[in-house]
Amino acid sequence: MKTIVICSGGLDSISLAHRVAAEHQLIGLLSFDYGQRHRKELDFATVCAKRLGVPHQIIDIRTIGRHLTGSALTDDVDVPDGHYAEETMKATVVPNRNAIMLAIAFGLAAAQKADAVAVAVHGGDHFIYPDCRPGFIDAFQEMQNQALDGYASVSLLAPYVNVSKADIVTDGAKYGTPFAETWSCYKGGTRHCGRCGTCVERREAFHLAGVADLTAYEDPDFWEAATSGYSAREVK
């Protein structure tokens, strides 16, 4: 299938891009600048597109993002430290972010005669982000079937929606993903902080997958204390 991958520049979406490049016809990467404080991730998406030899388009939706207030990812709100399963991580929700991005992506896919849009939402996101859950993915596909009826047929690929971050690391390693050339940290510093929810989840995922993590962290050991109160399934 001719597929466009929504690529933030993070571990999940870059792993997905490598998987799609191996399994389908990857025709481009699509990223969004919504005013996120960790905007440096977009640079990693650009590098990925060059590596895979496909176009990379960054859609500027900062004028929309400025109105999606209250999130630690866009406003002057501290990004919380700790495990993703903690209530405090809800501060990182950007209202309706995936719905907005996917709607734009499907429009581009229809215009470019693509067969599919791929997105890297995964099981670890379900607790915090409602627009990463299977129900949302299924409902969005049905909505787009109606929206494009008679004009285009575009599938929504979300192969990670029911798997863990560790599963993505395992899958990424299978397809040769250069993990060190991905950015996860929500704080957008010089190095990964090692303390925010996405850094903790990243460190834990490499540990569970049994894959070496070459990422440089400001606090490389914090994840152990942050995950000690939660049980994560080993990857079999």
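Residues numbered from 1 in each chain as written. Predicted model: local features only at pLDDT ≥ 70, side-chain atom pairs only at ≥ 80, totals over all residues. Heavy atoms only, no water.

An unreviewed UniProt entry lists the protein chain under the name 7-cyano-7-deazaguanine synthase, from Rhizobium grahamii. Recorded in UniProt for the protein chain, the comment headed Pathway (unreviewed entry) runs: "Purine metabolism; 7-cyano-7-deazaguanine biosynthesis." In its Function (unreviewed entry) section, the UniProt record describing the protein chain reads: "Catalyzes the ATP-dependent conversion of 7-carboxy-7-deazaguanine (CDG) to 7-cyano-7-deazaguanine (preQ(0))." (UniProt positions renumbered as here; feature names shortened; annotations may be inferred.)

Peer 1: What am I meant to see in the side chain of Ser13 here?
Peer 2: Along the chain, the position of Ser13 falls in helix H1 (residues 11-23). In this structure Ser13 touches Val5, Ile6, Cys7, Ser8 and Ala120, once residues within four positions along its chain are discounted. (Helix = DSSP H or I, 4+ residues; strand = E, 2+ residues; numbered from the N terminus. Contact = heavy atoms within 4.5 Å.)

Peer 1: Just checking my understanding: could you explain the nonpolar core for this structure?
Peer 2: Inside soluble globular proteins, nonpolar side chains tend to come together where they are buried. Within the largest apolar cluster, 35 residues are counted, with the highest numbers of intra-cluster contacts made by Leu102, Phe106, Val117 and Ile137. Looking at this core, the elements that each hand over two or more residues are strand E1 (2-6), strand E2 (25-33), helix H4 (97-111) and helix H5 (134-147). Residue contributions to this core peak at seven residues, all from H4. Leave out the neighbours within four places in its chain, and Val117 touches Thr3, Ile4, Ile6, Leu102, Ala105, Phe106, Ala109, Val154, Ser155, Leu156 and Leu157. (Core = buried A, V, L, I, M, F, W, Y, C linked by side-chain atoms within 4.5 Å. Buried < 20%, exposed > 50% of the residue type's maximum accessible area, 1.4 Å probe, protein only.)

Peer 1: Please clarify how the sheet that holds E2 should be interpreted in this entry.
Peer 2: Strand pairs in the sheet, formed through backbone hydrogen bonds, run parallel or antiparallel to each other. The strand order across the open sheet built from five strands is E3-E2-E1-E4-E5, with neighbouring strands paired in parallel fashion. Each of the sheet's edge strands pairs with one partner strand only, and the pair in question is strand E3 (56-60) and strand E5 (155-157). Strand-to-strand twist across the sheet, computed as the mean angle between neighbouring axes with direction ignored, equals 25°. Pairing of strand E4 (residues 116-118) with E5 involves three bridges; the strand directions are parallel. Bridging across to E5, Ala118 finds its partner in Leu157. Here H1 sits on the sheet in contact with E1, E2 and E4, set at roughly 170° to E1. (Pairing = 2+ DSSP bridges. Axes fitted to C-alpha atoms, helices over the stretch in contact; angles between N-to-C directions.)

Peer 1: Explain the pattern of salt bridges here, please?
Peer 2: Pairing between side chains of opposite charge can happen when the charged atoms of each approach one another. Counted by the stated rule, this structure contains 10 salt bridges. Taking the shortest distance from any N to any O, the salt bridge between Asp33 and Arg62 comes out at 3.7 Å. Here the residue Asp33 occupies a position in strand E2, and Arg62 occupies one in helix H3 (residues 62-65), the gap between them amounting to 29 residues. Residue classification places Arg62 among the partly exposed positions, given a relative accessible area of 39%. Connected via shared salt-bridge partners are Asp12, Lys165 and Glu201. (Salt bridge = Lys/Arg side-chain N within 4 Å of Asp/Glu carboxyl O.)

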